[in-house]
Amino acid sequence: DAKTTQPNSMESNEEEPVHLPCNHSTISGTDYIHWYRQLPSQGPEYVIHGLTSNVNNRMASLAIAEDRKSSTLILHRATLRDAAVYYCIGATNKLIFGTGTLLAVQP
Amino acid sequence: GAVVSQHPSRVICKSGTSVKIECRSLDFQATTMFWYRQFPKQSLMLMATSNEGSKATYEQGVEKDKFLINHASLTLSTLTVTSAHPEDSSFYICSAPGGYGYTFGSGTRLTVV
């Protein structure tokens, strides 16, 4: 499983886009890049995952660098409900969580 | 979508007693489930991988005799914290591969007094 590096915290304004970066320079060729988020006292929630190509779903977009050593989670219009800890994980078959990024969203 | 139900959501027990936490996959089968613990203001730490019909695989440093895992069916895994002590107080979370990625339970807050 790849070691990932994320900023400890980020701040955004409501209805603005948010770009959450993640470095995973040791990722292997078979590791998927996963993003989960967690609200206080809840289990993590799936956000998005990808292998090589950029991915879009109703929650977010995932932009993966060509060399796969970094990726960016994009929330297109942040809402107050997006305030959470966001975890980026490089993994094949089990998720090892790093420290994540605490995203604060200001009204 | 895939749902993982975890029960109980919170439990308080006396020191020295055992507590069982259940994790069920409601609309899918899970041959593998994962158990995590999370202390306040910390990240999730993987404790063990539960395998249906066989022994669990524990992460380094996790006492397998203290944290007993049973995965007797394709939809149920249980974690029993034996002889619990105050330092075992934590948030325990299970997950299973299902849906778009891994689906997590809502967690169990264990307080040992």
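Quantities reported herein were computed from a predicted structural model and do not represent experimental measurements.

(A) Molecular detail of the overall build of chain A. Of the regular secondary structure elements, chain A holds zero helices and nine strands. The secondary structure elements of chain A, listed N-terminal to C-terminal, are β-β-β-β-β-β-β-β-β. The C-alpha radius of gyration of chain A comes to 13 Å, within 12% of the 13 Å expected for a compact globule of 107 residues. Along the three orthogonal principal directions, the C-alpha set of chain A runs to about 40 × 30 × 20 Å. Buried residues in chain A amount to 44% of all 107 residues. For chain A, the exposed area adds up to about 5,500 Å²; of that, 48% sits on carbon and sulfur atoms. Each charge class in chain A can be summarised by its mean position, and for the 8 positive and 10 negative side chains these summaries are 6 Å apart.

(B) Up close: the nonpolar core. Within the largest apolar cluster, 24 residues are counted, with the highest numbers of intra-cluster contacts made by Trp35, Phe67, Leu79, Tyr92 and Leu110 of chain B. Secondary structure elements with two or more residues in this core: strand 2 (10-13), strand 3 (19-25), strand 4 (32-38), strand 5 (45-51), strand 7 (67-73), strand 8 (76-81), strand 9 (90-98) and strand 11 (108-112) of chain B. Core analysis: the next-biggest nonpolar cluster, separate from the first, contains 20 residues, Val18, Leu20, Ile33 and Ile48 of chain A among them.

(C) Spatial organisation of unusual backbone geometry. His7 of chain B connects to Pro8 of chain B through a cis peptide bond whose omega is 0°. Looking at where Pro8 of chain B falls in the secondary structure, it is placed in the loop between strand 1 (4-7) and strand 2. In the Ramachandran plot, Ser41 of chain A falls in the positive-phi region, its phi being about 60° despite a non-glycine side chain. With respect to the secondary-structure elements, Ser41 of chain A resides in the loop between strand 3 (32-38) and strand 4 (45-50). Unusually for a residue other than glycine, Lys41 of chain B sits at a positive phi of about 60°. Take Lys41 of chain B: its relative accessible area is 89%, and that puts it in the exposed class.

(D) Looking closely at the interface of chain B and chain A. Opposite the 18 residues of chain B that make contact, chain A presents 18 residues. With both chains or domains summed, chain B and chain A bury close to 1,300 Å², and 57% of this area falls on carbon and sulfur atoms. Linking chain B to chain A there are one salt bridge. Where Lys94 of chain A meets Glu59 of chain B, a salt bridge forms, and the shortest distance between an N and an O atom there is 2.9 Å. On inspection of chain B and its partner chain A, the count reaches eight residue pairs in polar contact (both at pLDDT 80 or more). Counting residues per element, the ones that place at least two in the side of chain B that touches chain A are strand 4, strand 5, strand 9 and strand 10 (101-104) of chain B.

(E) Representation of the sheet that holds strand 8 (residues 84-91) of chain A in the model. All names here are of chain A. Here we have five strands laid out as an open sheet, ordered 1-9-8-3-4, and mixed in their pairing. Strand pairing shows two members of the sheet lacking a second neighbour, strand 1 (9-13) and strand 4, which therefore form its edges. The average angle at which neighbouring strand axes cross in this sheet is 25°, direction not considered.

(F) Inspection of the pattern of salt bridges at higher detail. Counted under the stated rule, the structure contains six salt bridges over all chains. In the salt-bridge network here, residues are joined through shared partners; they are Arg37, Glu45 and Asp82 of chain A.

(G) Quick look at the environment of Leu95 of chain A. Summarising the element assignment, Leu95 of chain A is placed in the loop between strand 8 and strand 9 (101-106). Given a relative accessible area of 0%, Leu95 of chain A falls into the buried group. As for Leu95 of chain A and Ser28 of chain A, which are separated by 67 residues in sequence, their C-alpha atoms are 14 Å apart. Ignoring sequence-local partners within four residues, the contact set of Leu95 of chain A consists of His34, Tyr36 and Ile89 of chain A together with Tyr36, Tyr102 and Phe104 of chain B.

(H) Structural view of the state of the cysteines. Counted under the stated rule, the structure contains two disulfides over all chains. Across the disulfide, Cys22 of chain A is cross-linked to Cys88 of chain A (sulfur-sulfur distance 2.1 Å). Residues Cys22 of chain A and Cys88 of chain A share a disulfide whose torsion about the S-S bond is about -80°; that sign makes it left-handed. Taken together, the residues span a long stretch of sequence, with Cys22 of chain A in strand 2 (residues 18-23) and Cys88 of chain A in strand 8 at a distance of 66 residues. Summary of cysteine pairing: Cys13 of chain B is not part of a disulfide, and the nearest cysteine sulfur, belonging to Cys94 of chain B, is at 18 Å. The class for Cys13 of chain B is buried, based on a relative accessible area of 8%.

Rules used in this analysis
Residues numbered from 1 in each chain as written. Chains lettered and ligands numbered in written order. Predicted model: local features only at pLDDT ≥ 70, side-chain atom pairs only at ≥ 80, totals over all residues. Heavy atoms only, no water. Helix = DSSP H or I, 4+ residues; strand = E, 2+ residues; numbered from the N terminus. Rg over C-alpha atoms; globule rule 2.2 N^0.38 Å. Buried < 20%, exposed > 50% of the residue type's maximum accessible area, 1.4 Å probe, protein only. Areas by Shrake-Rupley, 256 points an atom, 1.4 Å probe, with all protein chains shown as cover. Lys, Arg positive; Asp, Glu negative; His and termini not counted. Charge placed at Lys NZ, Arg CZ, Asp CG, Glu CD. Core = buried A, V, L, I, M, F, W, Y, C linked by side-chain atoms within 4.5 Å. Contact = heavy atoms within 4.5 Å. Buried area = accessible area lost by both parts, 1.4 Å probe. Salt bridge = Lys/Arg side-chain N within 4 Å of Asp/Glu carboxyl O. Polar contact = N/O pair within 3.5 Å; in protein donor to acceptor, adjacent residues only side chain to side chain. Pairing = 2+ DSSP bridges. Axes fitted to C-alpha atoms, helices over the stretch in contact; angles between N-to-C directions. Disulfide = S-S within 2.5 Å.

Just distances and angles here, no functional claims.
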